Amino acid sequence: MKRHFLVSFLVAFLVAANSLVFPAVCVLGQGPAQLSAAASKLLVISRRSADTGAIYPEVVMALSVLPFKVTQALLEHGVKVRIVPTLVEYDPKLGEKGVGPRGWRQGATFENVGGLFHIATNSVLVAEKSVSLQDSGQLEKHRRPYKTTLHECGHAFDRSMGMLSRSESFRAAYTADVSQLKWAPPANLRYFLQAGNS
């Protein structure tokens, strides 16, 4: 039963993170989210920049909505959530020729990515800036740090739970859910419905 709950939670967490809006407390202007003592142990600012102040409240908001058990699992496995100026600044290897993000269109690089779960450092990375694929092609402020934080925390949680997303029960639950779709998925869900392990 516990394993089934975790699989269901993981599926919901990864998919919902891509379509969530800010909780009402933010929309209604009732003040910033408060991090629990546990969640505050997750957050690290890699290098403060002029853009850190803009992204920090959204990362805090995302961490404040994580279920306590997820936060605990991340802490127990030494995961950190790092705000970084760019992914490539944090890890220059991500900028090497031929290195690109899984599940992204041909030609995309980690310069275009706003976040990832960095296995080598056991860190959720949330970039302050990335290069836009759609607009100017210039370095721009991250547009979705709240969603990115939740999505990448889902990957970190998955890894901390032994890669449930690769288990037969997860695959079965995922396949069953996808088979029930009676409509064309919106663009923000297509990433989750592609073939492979992205």
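Note: the structure precedes this text.
None of the values given here were measured: they were computed from a predicted structure.

A. Examining the overall build of the protein more closely. Scanning the protein for helices and strands turns up nine helices and six strands. A total of 198 residues make up the protein; the buried ones form 40% of that total. With the model as given, the accessible surface of the protein reaches about 11,000 Å², and the carbon-plus-sulfur share is 56%.

B. Inspection of the environment of arginine 47 at higher detail. Following the sequence through the fold, arginine 47 ends up in the loop between strand E1 (43-45) and helix H4 (52-64). Each C-alpha atom of the pair arginine 47 and glutamate 89 lies 9.9 Å from the other, and the pair is 42 residues apart in sequence. Once residues within four sequence positions are removed from consideration, arginine 47 is found in contact with Thr52, Ile83, Pro85, Glu89 and Glu128. Within polar-contact distance, the side chain of arginine 47 engages the side chain of glutamate 89 at 2.8 Å.

C. Representation of the environment of leucine 66 within the structure. Relative to the helices and strands, leucine 66 is located in the loop between H4 and helix H5 (68-76). Using a relative accessible area of 8% as the deciding quantity, one classes leucine 66 as buried. For the pair formed by leucine 66 and leucine 150, sequence separation is 84 residues and the distance between their alpha carbons is 7.9 Å.

D. Up close: the sheet that holds E1. With mixed pairing, the four strands of this open sheet are ordered in space as E1-E2-E4-E3. Only two strands of the sheet have a single partner each, and these edge strands are E1 and strand E3 (115-118). Geometrically, the sheet is characterised by an average inter-axis angle of 25° between neighbouring strands, direction not taken into account. Here E1 runs beside strand E2 (residues 80-84); their pairing, made up of three bridges, is parallel. Each residue of the ladder has a partner; that of isoleucine 45, found in E2, is isoleucine 83.

E. Quick look at the pairing of E2. In terms of burial, E2 is a largely internal element, four of the five residues being buried. Relative to strand E4 (residues 123-127), E2 is paired through five bridges, and the arrangement is parallel. Looking across to E4, one finds that valine 81 is bridged to valine 124.

F. Looking closely at unusual backbone geometry. Positive phi values are uncommon outside glycine, yet asparagine 122 reaches one of about 55°. Here asparagine 122 is to be found in the loop between E3 and E4. According to the relative accessible area criterion, asparagine 122 is partly exposed, its value standing at 21%. With a phi angle near 60°, methionine 163 is a residue other than glycine that sits in the positive phi range.

So, how was this worked out
- Residues numbered from 1 in each chain as written.
- Predicted model: local features only at pLDDT ≥ 70, side-chain atom pairs only at ≥ 80, totals over all residues.
- Heavy atoms only, no water.
- Helix = DSSP H or I, 4+ residues; strand = E, 2+ residues; numbered from the N terminus.
- Buried < 20%, exposed > 50% of the residue type's maximum accessible area, 1.4 Å probe, protein only.
- Areas by Shrake-Rupley, 256 points an atom, 1.4 Å probe, with all protein chains shown as cover.
- Contact = heavy atoms within 4.5 Å.
- Polar contact = N/O pair within 3.5 Å; in protein donor to acceptor, adjacent residues only side chain to side chain.
- Pairing = 2+ DSSP bridges.
- Axes fitted to C-alpha atoms, helices over the stretch in contact; angles between N-to-C directions.

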